[in-house]
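# Observations on the three-dimensional arrangement
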Amino acid sequence: MSSSLEVWIAAALSLMVLSFLWRDNPAYKFAEHLFVGVSAGYWMVMGFWSTLWPNAVVKLVPSAARLTEPAGPVPAREPLVLVPLVLGILMLLRLWPRLSWLARWPTAFAVGTTLGYNLVRYVRSDFLAQIHATVAPGLLVTSGGAVNWVATCNQWLIVAGTASGVVYFTYTRGGAGLRGGVARGGLVVLMVAFGASFAYAVMARVAVLVGRLQFLLGDWLGLV
Amino acid sequence: MNGAARGDVLQRLGRLDRRWLYLALFACLAATLWRQPLFRDGLSTFSRPVFERIEALPPGAPVLVSLDYSPASAPEVEPMALALTRHLLLRGARPVFVTLYPEGNNMLQRLRDQAIDADFPESREGRDWVALGYKAGRQMVINALRQDLATMYSADLRGAPIDSLPALAGVRRLDDFAIILALSSGTPGLKEWILYGGDPTGTPVAGGCTGIGAPEFLAYFPGQLVGLLGGLKGASEYEAALADRYPERAFPRRAQLAMGPQTVAHALILLFLVLGNLSYLRPRRRSPGRREGRTA
């Protein structure tokens with residue numbers, strides 16, 4: 001059994017959270033609130049020291065860098081940092097109803113720049129590159145020049161599955177004949193994909209549970 | 001047992017309190033953890049390219065390792081990080097650790113304790129590997145690294161200027177790295193490294209992710225993503241391959257040991273599913289049109 005106070009606290013909190021499986025109770029509520037509070041505090045401290053300090057304080061008052069990195073170089077002063085700093089302060093004005101309209105400016109700026117920046121990358125990598133990867137190779141050949149029929153069949157299965165999935169979403173009214181058949185095939189493909197995703201999700205949840213039990217039975221109790 | 005008695009058992013199973021299932025799952029997992037069965041495992045289509053890429057790295061090749069996960073997903077992703085780091089150091093590559101997660105520095109410290117200090121005590125920080133740590137900015141950090149490493153990182157986590165680090169000799173931008181290994185549990189993570197790091201620069205990207213994230217990333221394989229370790233299974237495959245390739249180094253097999261309880265849990269869940277469906281279907285057959293009983 002562990003003699004570390006940290007391990008005992010972690011074990012007690014783990015048991016409090018797991019007690020929710022029995023029913024909702026004050027111990028679970030305590031652990032839940034503690035987790036939310038500690039997380040918020042941690043993120044606030046990290047946000048200050050990793051964002052505000054190096055990007056605002058140090059760039060406006062370069063000598064402040066000596067406080068955190070005594071051996072590091074002192075950067076040049078960057079007065080332009082005042083612009084994002086003011087935008088950040090405007091964002092906080094949402095807390096005052098009379099001035100909350102000013103928060104729209106930094107929000108619009110953030111949404112606009114993020115959209116503009118991400119759009120190109122997503123169109124190239126998540127749209128065009130994905131279409132290219134799906135339909136480009138007609139016949140897959142081995143390094144010796146022979147046709148790899150298994151890989152080629154797999155590739156065409158992906159093409160057929162993708163196309164039938166698109167048909168299912170395009171013609172949601174169903175329909176008879178070839179179109180309806182393809183849409184039903186698309187539905188099967190979607191179900192198989194959802195099933196695989198769900199199986200991965202189960203594996204992930206069980207892995208987390210196993211990790212917690214390894215901690216409780218091993219690190220805490222020393223049984224395994 | 002006659003038909004009526006069997007039906008009665010199935011009906012009672014359908015009304016079983018779900019907490020009995022939790023208890024059964026806990027008992028089975030605890031028993032399996034105690035026995036510690038070690039199943040044989042091998043590389044899959046998705047994990048093999050990662051192993052082979054690292055195996056083919058020349059000594060001294062700089063490799064960017066991004067630890068984009070938090071304690072919540074550490075049981076799945078941390079074994080991958082440990083196995084990949086051990087493999088990189090065995091090959092004599094120069095891992096450069098960064099993270100886009102605020103909790104990443106703590107994950108890096110755990111990695112250092114469990115893999116670097118424990119298994120490679122002769123390696124030196126700054127010479128054989130570098131810890132640059134966390135920078136806020138999500139994909140903007142990747143964008144900045146694409147242009148110039150020094151704009152984001154003037155020093156490593158110890159405060160040593162990056163110009164003074166032998167491990168970063170010849171590394172100025174993202175495309176100076178031989179490969180990007182991103183271990184992720186969400187956003188920002190592997191997807192951002194593919195979109196903003198690998199695709200624009202042509203630097204190969206491989207990585208690992210939680211089981212939940214794996215189906216999303218399989219779409220990028222093998223064009224935009226050279227290999228993927230998906231969930232605990234991916235980590236277990238990599239540990240097994242490392243043990244087969246380097247039998248003289250007895251590294252801990254955390255993921256492989258966790259696959260025993262994982263397998264037992266899956267078998268138990270399947271059994272529950274079958275029993276639940278049997279108890280659900282049985283009353284329906286007796287009185288069509290009525291949905292009696294509850295599945296657990």
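For clarity, every value in this text was computed on a predicted model and none was experimentally measured.

### Section: the sheet that holds strand β5 (residues 205-209) of chain B
Residue and element names in this part refer to chain B. Pairing is parallel in the open sheet, where 6 strands are placed in the order β3-β2-β1-β4-β5-β6. Both edges of this open sheet fall to β3 (130-134) and β6 (227-230), since each of them pairs with a single strand only. Across this sheet, the average inter-strand angle for adjacent strands is 15°, counted without regard to direction. With 5 bridges joining them, strand β1 (residues 62-68) and strand β2 (residues 94-99) adopt parallel strand pairing.

### Some remarks on the pattern of salt bridges
All names here are of chain B. Under the counting rule described, the total for this entry stands at 20 salt bridges over all chains. Of the charged contacts in the structure, one is a salt bridge between D119 and R86, with a shortest N-O distance of 2.6 Å. Placement of the pair is D119 in helix α5 (residues 104-119) and R86 in helix α4 (residues 74-90), with a sequence separation of 33 residues.

### What to know about the nonpolar core
Residue and element names in this part refer to chain B. With 56 residues, the main nonpolar core has L67, L181 and L183 as its most contacted residues. It is α4 that provides the largest number of residues to this core, a total of 9 residues. No fewer than three residues from each of domain 1 (14-38 + 255-296) and domain 2 (48-252) sit in this core. Those residues within four positions of L183 in sequence are excluded, and the remaining contacts are V65, S66, L67, D68, Y69, V77, M80, A81, L84, G207 and G208. L100, V171, L174 and C209 belong to the second largest nonpolar core, which has 33 residues in total.

### Details of a nonpolar patch on the surface
Residues L119(A), V120(A), V123(A), F127(A), L128(A), I131(A) and V135(A) make up a contiguous nonpolar surface patch of about 620 Å² in total accessible area. Position of V120(A) among the secondary structure elements: in helix α5 (residues 104-135).

### Concerning the interface of chain B and chain A
At the junction of the two partners, chain B supplies 49 residues and chain A supplies 36 residues. Carbon and sulfur atoms make up 66% of the surface buried where chain B meets chain A, a total of about 3,700 Å² over both sides. Across the chain B-chain A interface, the total number found is 1 salt bridge. Where K191(B) meets D126(A), a salt bridge forms, and the shortest distance between an N and an O atom there is 2.7 Å. Counting every contact that joins chain B to chain A gives 14 residue pairs in polar contact (both at pLDDT 80 or more).

### A look at the pairing of β6(B)
Residue and element names in this part refer to chain B. Here β6 shows a buried face lined by G227 and L229 and a second buried face lined by L228 and G230. Two elements, β5 and β6, share 4 bridges in a ladder whose sense is parallel. Following the sheet pairing, C209 is matched in β6 by G230.

### Quick word on α5(B)
Residues and elements named next belong to chain B. In this model α5 runs 21 Å from its N-terminal to its C-terminal C-alpha over 16 residues, within 8% of the 22 Å that 1.5 Å per residue would give. A maximum bend of about 40° is found in α5 at R112. Inspection of α5 places G104, M107, L108, L111, A115, I116 and D119 among the buried residues, and these make up the whole buried set. Here the buried face of α5 lies against β1, α4, β2 and β3.

### Considerations on the packing of aromatic side chains
Counted according to the given criterion, the structure contains 11 aromatic pairs over all chains. With a centroid separation of 4.5 Å and 35° between ring planes, the pair formed by F20(A) and Y28(A) is classed as tilted. Classification of Y28(A) as buried rests on a relative accessible area of 16%. Taking 6.1 Å as the distance between ring centres and 35° as the angle between the ring planes, the aromatic pair formed by F120(B) and F251(B) counts as tilted. Taken together, the positions of F120(B) in the loop between α5 and β3 and F251(B) in the loop between α10 (231-245) and α11 (254-286) put the pair 131 residues apart, joining distant regions of the chain. Per residue, the accessibility class of F120(B) equals that of F251(B), and both read buried. Pairwise contacts between aromatic rings join F48(A), W49(A) and W53(A) into one cluster. A cation over a ring is seen here: R19(B) above W22(A), with NZ or CZ 4.3 Å from the ring centre. The lysine or arginine in question, R245(B), covers the ring of Y246(B), its NZ or CZ lying 4.7 Å from the ring centre.

Thresholds applied
- In this numbering scheme, every chain counts its residues from 1 along its sequence in written order.
- The naming scheme follows written order: chains are lettered A onward, ligands numbered 1 onward.
- Reporting of local features is limited, given that this is a predicted model, to residues whose pLDDT is at least 70; pairs of side-chain atoms are given and counted only at 80 or more, and all residues count toward the totals for whole chains, interfaces and linings.
- Calculated side-chain values reflect all of the structure's heavy atoms, with hydrogen atoms and water omitted.
- One requirement defines pairing of two strands: DSSP has to find at least two bridges between them.
- Each helix is a run of H or I in the DSSP string that is no shorter than four residues. Each strand is a run of E no shorter than two, and both are numbered from the N terminus.
- For every element, the axis is a line fit to its C-alpha atoms; helices are fit only across the contacting stretch, and the angle between N-to-C directions ranges from 0 to 180 degrees.
- When a carboxyl oxygen of Asp or Glu lies within 4 Å of a side-chain nitrogen of Lys or Arg, that pair is called a salt bridge.
- Definition of nonpolar core: a set of buried residues of the types Ala, Val, Leu, Ile, Met, Phe, Trp, Tyr and Cys, connected through side-chain atoms within 4.5 Å.
- To sort residues, take the accessible area from a 1.4 Å probe on protein chains only and compare it with the maximum for the residue type: under 20% means buried, over 50% means exposed, and anything in between is partly exposed.
- Each domain's limits were defined by an automated method or a database of domain assignments.
- Residue contacts follow a heavy-atom distance rule, with two residues in contact if any of their heavy atoms lie within 4.5 Å.
- In this scheme, patches are assembled from residues that exceed 30% relative accessible area and form no salt bridge. Like charges are connected within 9 Å, while nonpolar side chains (Val, Leu, Ile, Met, Phe, Trp, Tyr) are connected within 5 Å.
- Calculation of accessible area relied on Shrake-Rupley with a 1.4 Å probe; when residues are assessed, cover is drawn exclusively from the protein chains displayed.
- Defined here as a combined quantity, buried area equals the accessible surface (1.4 Å probe) lost by two parts on assembly, summed across both.
- Here a polar contact is taken to be a pair of N or O atoms separated by no more than 3.5 Å, where protein atoms must pair a possible hydrogen donor with a possible acceptor and residues adjacent in sequence count only if both atoms sit in side chains.
- A helix is expected to span 1.5 Å for every residue after the first.
- To get the bend at a given residue, fit one axis to the seven residues ending there, fit another to the seven starting there, and take the angle between those axes.
- The rule is short: rings of Phe, Tyr and Trp, with Trp giving its six-membered ring, pair when the centres are within 6.5 Å, and they are stacked under 30 degrees, edge-to-face over 60, tilted in between.
- Only when the NZ of Lys or the CZ of Arg is both within 6 Å of the ring centre and within 35 degrees of the ring normal is a charge said to sit over the ring.

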